[in-house]
Amino acid sequence: MPPIPVFDGHNDVLLRLWMKTGCDPVADFLQGDGLGHLDLPRMKKGGFAGGFFAIFAPTDDEDLPDDDDVNPPLAVQIAQPTALRKTLEMASLLFRIERESKGKFKVCRTVAEIRDCLAKGVMTAIFHIEGAEAIDEGFKALDVLYEAGLRSMGPVWSRPNIYGHGVPFRFPSTGDTGEGLTEAGKSLIRYCNERHLLVDLSHLNEKGFWDVARLSTAPLVATHSNALAISPSSRNLSDDQLKAIRDTGGMVGLNFATGFLREDGRWRTDTALDIMVRHLDHLIKVAGENCVALGSDFDGARIPDGIKDAAGLPNLLAALHDRQYGEKLIAKIAHENWLNVLERIWV
Ligand code: ZN
């Protein structure tokens, strides 16, 4: 039996490929380099059918968070022209993958396109930016990104920018994470609503989350976050936030990052899959079974050895099966819920 298709809320493979030197990163992805978590052969093997491909512009490579540190220093801000250049370079990688895949990989702009690709076994990608540093305050260049296919954005990553404040990585969460959206941030949310761009709340701090909840006319979505009640990481969501997601018909994607799964916040990969099921149990209990999906953070975080990489996705679905999750619920979590909420947002 082929593996159950998984549509995923978050990966950082474009960053991984962009950082490679001395090779052709597009060929490496298409043929499989066996590094990190994602390449096309391993994705096909594990039933990874598509998802949000994040573009994250690092200040400098050495500023990427050190995964051994559960309380790393706040990331340094990045200048807009630099962020735009890096964003365009990573977006170019995405479109080169599409072109050179010869029909095996498609950047999708509508849910109809995604459904068609799922039916045909074509890998689908949503062009997503993680942190809006590349976008100038007057939105003078934003329409170009939209026309290129941008359909989802996190206004802020875990560093402040002109739109608001990201949540710093803190374990345990201090609950005190600064101010909410700026006026420019509010304008950005209005732009996203008008153009039906998905707004990703995963890295936004708590005040920012509630600012979006008040302002946005769209379902609330956190593409890759877990339950604060189980792992008290600042990156996770309180029950009140999960209820707000439920009340708007939104979505939370289970993050596979061990530091956001574990009760002790450690970045240990020898972490049993059971903790992932416990998060899903809680997310479903509070947000409801229509508002919970997956948001792996593949190629962006350390994940449990029991999954290891995209080829190991069936192990997670088997764990759900073992815990009496029925076929219908597994299909919802694996892909249907994401498609349904995108239908509500992209209209
Ligand atoms: Zn992230």
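Anything mentioned here points back to the structure above.
Quick notes on the rules
Residues numbered from 1 in each chain as written. Predicted model: local features only at pLDDT ≥ 70, side-chain atom pairs only at ≥ 80, totals over all residues. Heavy atoms only, no water. Salt bridge = Lys/Arg side-chain N within 4 Å of Asp/Glu carboxyl O. Buried < 20%, exposed > 50% of the residue type's maximum accessible area, 1.4 Å probe, protein only. Donors = N, O, S within 2.8 Å, 3.2 Å for Na, K, Ca; no water. Helix = DSSP H or I, 4+ residues; strand = E, 2+ residues; numbered from the N terminus. Axes fitted to C-alpha atoms, helices over the stretch in contact; angles between N-to-C directions. Left-handed = near helix turned anticlockwise from the far one by under 90°. Contact = heavy atoms within 4.5 Å. Nonpolar A, V, L, I, M, F, W, Y, C, P; charged D, E, K, R; others polar. Parallel < 35°, antiparallel > 145°, perpendicular 65-115°, else oblique. Phe/Tyr/Trp six-rings, centres within 6.5 Å; stacked < 30°, edge-to-face > 60°. Core = buried A, V, L, I, M, F, W, Y, C linked by side-chain atoms within 4.5 Å. Pairing = 2+ DSSP bridges. 1 Å grid on protein atoms, 1.4 Å probe; cavity = no way out; pocket = protein on both sides within 12 Å on 5 of 7 lines; lining within 4 Å. Points joined across faces, edges and corners; volume = space filled by probe spheres on them. Lys, Arg positive; Asp, Glu negative; His and termini not counted. Polar contact = N/O pair within 3.5 Å; in protein donor to acceptor, adjacent residues only side chain to side chain.

Visitor: Before we move on, can you summarise the pattern of salt bridges with the specific residues and values?
Guide: Inspection of the entire model under this criterion finds 27 salt bridges. The shortest N-O distance in the salt bridge between Arg42 and Asp39 comes to 2.8 Å. Residue classification places Arg42 among the buried residues on the basis of a relative accessible area of 11%. The class of Asp39 is buried, set by a relative accessible area of 1%. Of the charged contacts, one joins Lys106 and Glu113 as a salt bridge, the two residues approaching to 3.8 Å between their closest N and O atoms. Judged by its relative accessible area of 29%, Lys106 falls in the partly exposed class. Among the residues examined, Glu113 registers a relative accessible area of 23% and is labelled partly exposed. Connected through salt bridges with shared partners, the residues Arg16, Lys20, Asp28, Asp33, Asp39, Arg42, Asp299, Lys308 and Asp309 form a single ionic network.

Visitor: Kindly report on the coordination of the zinc ion, identifying the contributing residues and their values.
Guide: Of the protein atoms, only Glu130 (OE), His203 (NE2) and His224 (NE2) coordinate the zinc ion, at distances of 2.1 to 2.2 Å. Donor residues for the zinc ion, ordered by position in the chain, follow E-x72-H-x20-H. Residue His203 is located in the loop between β6 (198-199) and α8 (206-215), and its partner His224 is located in the loop between β7 (221-222) and α9 (239-247); the two are separated by 21 residues in the primary sequence. Classification of His203 as buried rests on a relative accessible area of 5%.

Visitor: Talk me through the packing of helix α12 (residues 313-322) against helix α13 (residues 327-346); I want residue IDs and the actual numbers.
Guide: One can describe the packing of α12 onto α13 by two numbers: an axis separation of 10 Å at closest approach and a directional angle of 145°. As for the relative orientation of α12 and α13, their crossing is right-handed in sense. Here Leu317, Leu320 and His321 of α12 come into contact with α13, specifically with Glu327, Ile330 and Ala334. Taken together, the residues that form the contact of α12 with α13 break down as four nonpolar, one polar and one charged.

Visitor: Break down the packing of helix α5 (residues 111-120) against α13 for me, citing the residues and quoting the values.
Guide: Running from amino to carboxyl end, α5 crosses α13 at an angle of 155°, the nearest separation of the two axes being 9 Å. By the criterion of interaxial angle, the relationship of α5 to α13 is roughly antiparallel. Side by side, α5 and α13 meet where Val111, Ile114, Arg115 and Leu118 of the first sit next to Leu339, Asn340, Leu342, Glu343 and Trp346 of the second. Within the contact of α5 with α13, the residues separate by chemical class into six nonpolar, one polar and two charged.

Visitor: Hey, could you go over the packing of aromatic side chains for me, with residue numbers and the actual values?
Guide: Counted under the stated rule, the structure contains 14 aromatic pairs. Ring plane angle 45° and centroid distance 6.3 Å describe the contact between Phe48 and Phe298, whose orientation is recorded as tilted. Here Phe48 is found in strand β2 (residues 48-55), whereas its partner Phe298 is found in the loop between β9 (292-294) and α12, with 250 residues between them in sequence. The residues Phe48 and Phe298 share a single accessibility class, namely buried. Plain terms: the ring middles of Phe53 and Phe105 are 5.5 Å apart, the flat faces sit at 85° to each other, and that makes the pair edge-to-face. Of the two residues, Phe53 is situated in strand β2 and Phe105 in strand β3 (residues 105-107); the sequence distance between them amounts to 52 residues.

Visitor: Tell me about the nonpolar core, residues and numbers included.
Guide: Ranked by internal contacts, the top residues of the largest apolar core, which has 94 residues, are Met153 and Phe256. A total of eight residues in this core trace back to one element, the largest contributor, which is helix α11 (residues 274-287). Of all hydrophobic cores here, the second largest spans 18 residues; its members include Cys108, Leu198, Met251 and Val341.

Visitor: Report on the sheet that holds β7, specifying residues and quantitative values.
Guide: Pairing is parallel across the open sheet formed by three strands, whose spatial order is β7-β8-β9. The open sheet is flanked by β7 and β9, the only strands paired with a single partner. The pairing of β7 with strand β8 (residues 251-254) spans two bridges and is classified as parallel. Pairing of Val221 across the sheet is with Met251, part of β8. Docked against the sheet, α13 engages β7, β8 and β9, running at close to 110° with respect to β9.

Visitor: I'd like a description of the environment of Met123, backed by residues and values.
Guide: Tracing the backbone through its elements, the reader meets Met123 in strand β4 (residues 123-130). In sequence terms Met123 and Met43 are 80 residues apart; their C-alpha atoms lie 8.7 Å from each other. Met123 has contacts with Leu40, Met43, Lys44, Phe48, Ala49, Gly50, Lys104, Phe105 and Lys106, leaving out every residue within four places of it along the chain.

Visitor: A description of empty space enclosed by the protein should follow, citing residues and the corresponding values.
Guide: By the definition in use, this model includes three cavities of 30 Å³ or more. There is about 50 Å³ of room inside the largest cavity. Forming the walls of the largest cavity are Asn193, Leu197, Leu198, Val199, Leu201, Val212, Ser216, Ala218, Pro219, Leu220, Val221 and Ile345. In the lining of the largest cavity, the residues fall into 10 nonpolar, two polar and no charged. Each pocket or cavity is described by its volume, and for the second largest cavity that value is around 40 Å³. Those elements giving two or more residues to the lining of the second largest cavity turn out to be α4 (80-100) and β4.

Visitor: For the side chain of Asp8, give the residues involved together with the corresponding values.
Guide: Within the element layout of this structure, Asp8 appears in strand β1 (residues 6-11). No salt bridge forms around the buried Asp8; measuring N to O, its nearest opposite-charge neighbour Arg235 is 11 Å away. Within polar-contact distance, the side chain of Asp8 engages the backbone nitrogen of His10 at 3.4 Å. Within polar-contact distance, the side chain of Asp8 engages the backbone nitrogen of Ser296 at 2.6 Å. Apart from residues no more than four positions distant in its own chain, Asp8 is found in contact with Phe48, Gly50, Gly51, Phe52, Leu294, Gly295, Ser296 and Trp338.

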